[in-house]
Every structure is written in C-alpha cells, then in structure tokens.
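# Structure assessment
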Amino acid sequence: MKKLLFLFVMILTSASVFAQAGMDGGTHNVTNESTFSYGVNEGGADTDVYKWEVFSDAVCTAPVIAGVGTYTFNSGDDTREVNVTWNNAPTVGSTTTYYLRVSQKGAHDCFTYQTIEIIITNKDDNAGLNFAFVGTSQQECSVDQSGTDIPVTVTLTGTSLVHTAGKAVKVKYAVDGTDKGWISVGTTVGNPNEYQIIFPAASFVNPNVNADHNFVITVSQMENGTGGTIKDITPAATYTIEAWGLPSMSGITIK
C-alpha cells in the first residue's frame, strides 16, 4: 500500500510542472491612434480558446484597462485575430510600451501563449519626418497625349515613418495650383530612403499638345502611413514636369 501511495504522489507532482514558457512575439513600433491586426493562424484545433490581453510590464502581471487613452480591441479579445487601436497619448517625443499577449488553451485546459512588445510613439512627434523630391524636374513629350503615368523619385525619412505593406506613406499634391488629393508613395528604388510616386497621366493635361508646357507638382502635406501623423511640408516641395510640344500634323488625305 505504501508503494502505491508513493507512486500516486509522484504522478501529481510531475504533472504540475509540465508547462511551456511563453513565446517572444518580437517588437512592433506603432504611432499613437494607429490601428493594426494581430493574429495567430497556424496550428491549434478549432475548439481551442484564444484570449488577448494588454499589460504594462514584460512579465505580464499588470493589466492595462482598455479605453480612451490606452487601447481599444475593435473586434473583441477572444478570437485568433484581434484588431487593436493604440490610443495612448504620451507627451511629444516620448514613447509608451505595452505588452500584447495572446494565450491559446487547448485540451485539458493546457495552454501556451506569446507576447509582443508594443512601442507607441506620440502622433505629434514629427521630428525628422521628411519628404523631398530627388532632383527638381524631368522632361516628357506632351504627357496627356501618351497617356503614360509619370514616375517620380522622392526621399522619405523620419523616426515616426511607417512604410510597410498596406501602410504606405501618402502625400497631398497639386498640379499647377489645382488640388489633386492624396496619393500613396510606392516601393523603394535605389538608395534605402528613396521611393517612387506614380503620378497619373490624367493629372497632366496639356492645354495645347503642340506647345511646350511646364506642369508644377506641389506637395504640401505627408501622412506617415497609419493616418496618425499628418505633417505640413513648409515650404511646399515642388517638382516640374517639362512637357515638350508635339509636332503638328495635317489630316490623312486619300488620293
């Protein structure tokens, strides 16, 4: 009887230490008032239970209450993917760090979890957030005639710059003083800080295709990619498309 009792105690003790250390989800730098989706899409059974939580410490013992001035779970907190708006508003130039943890509970209430460090930068921290054209002009044959969009190389720099897939920087531009709205900056070309904007041909309508015309592009504002930071560009950045006039041609005659 004593031997059986001893074996039973050993089984209980061993089971109590079978636990998995939490996985490190890395670090994600975000801008205040920006929104991102986080998900765990691999593994797990359909019956597994997921729980998302936010903490102020790396070991996740101090929960942060959702709400104005902290964060918002836009789609609940018990799904494989969660949509979060980071609302924390630190002073200009400062950051706030949170820890977003997801736990996954499977059979027999066994669970695992991983944590991602979230570093939030104030949306008004525009220090170093800059836009500039590479060069001052380029030449095209009367561009509206060809119907070809115009690629222009620019530089983007800044501590709060966001330019990842789906989070492209945008700029507000005008042509010859007429507002054309916002346009996304494309992928990198050449140097790491150099990107390309594809300006639509419809923005460059030559009033007389047989005459030279200089189209002046003016960029007055830029957005950091999440909508969280909009910076006025002062003075506005300008770039000129020199559209060369086309030769005149008479109609086709049939003889």
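In this text, all values refer to a predicted model and were calculated from it rather than measured experimentally.

To continue, consider the environment of Ser-248. Secondary-structure assignment places Ser-248 in the segment after β15 (230–244). On the basis of relative accessible area, Ser-248 is assigned to the exposed category, the value being 65%. Once the C-alpha coordinates of Ser-248 and Asn-210 are considered, the two residues, 38 residues apart in sequence, prove to be 6.2 Å apart.

In this section: the environment of Pro-151. Its place among the elements puts Pro-151 in strand β10 (residues 150–157). Residue Pro-151 is classed as partly exposed on the basis of its relative accessible area of 36%. Spatially, the C-alpha atoms of Pro-151 and Phe-199 are 6.2 Å apart, while their sequence positions differ by 48 residues. Among residues more than four places away in sequence, those in contact with Pro-151 are Gln-138, Gln-196, Ile-197 and Ile-198.

What follows is about the pairing of strand β2 (residues 35–39). The alternating pattern of β2 places Phe-36 and Tyr-38 on a buried face, while none of Thr-35, Ser-37 and Gly-39, on the opposite face, is buried. Two elements, β2 and strand β5 (residues 81–86), share five bridges in a ladder whose sense is antiparallel. Each bridged residue has a counterpart across the sheet, and for Phe-36 the counterpart in β5 is Val-84.

Moving on, we come to the pattern of salt bridges. The full count for this structure, using the stated rule, is one salt bridge. Where Asp-77 meets Lys-51, a salt bridge forms, and the shortest distance between an N and an O atom there is 3.0 Å. Placement of Asp-77 in the loop between β4 (71–73) and β5 and of Lys-51 in strand β3 (residues 49–55) is noted, with a sequence separation of 26 residues between them. Overall, the relative accessible area of 23% leaves Asp-77 in the partly exposed class. In this structure Lys-51 comes out as partly exposed when scored by relative accessible area, which is 33%.

A word on the nonpolar core. Core analysis: the largest hydrophobic core is formed by 27 residues, its most contacted members being Phe-131, Phe-133, Phe-199, Phe-204, Ile-217, Val-219 and Ile-241. Secondary-structure elements contributing two or more residues to this core are β8 (130–133), β10, β11 (170–175), β13 (194–199), β14 (213–223) and β15. With five residues, β15 is the single largest residue contributor to this core. If you look at the next biggest cluster of nonpolar residues, it comprises 19 residues, including Tyr-50, Leu-100, Val-102 and Ile-118.

About the thresholds
- Residues numbered from 1 in each chain as written.
- Predicted model: local features only at pLDDT ≥ 70, side-chain atom pairs only at ≥ 80, totals over all residues.
- Heavy atoms only, no water.
- Helix = DSSP H or I, 4+ residues; strand = E, 2+ residues; numbered from the N terminus.
- Buried < 20%, exposed > 50% of the residue type's maximum accessible area, 1.4 Å probe, protein only.
- Contact = heavy atoms within 4.5 Å.
- Pairing = 2+ DSSP bridges.
- Salt bridge = Lys/Arg side-chain N within 4 Å of Asp/Glu carboxyl O.
- Core = buried A, V, L, I, M, F, W, Y, C linked by side-chain atoms within 4.5 Å.

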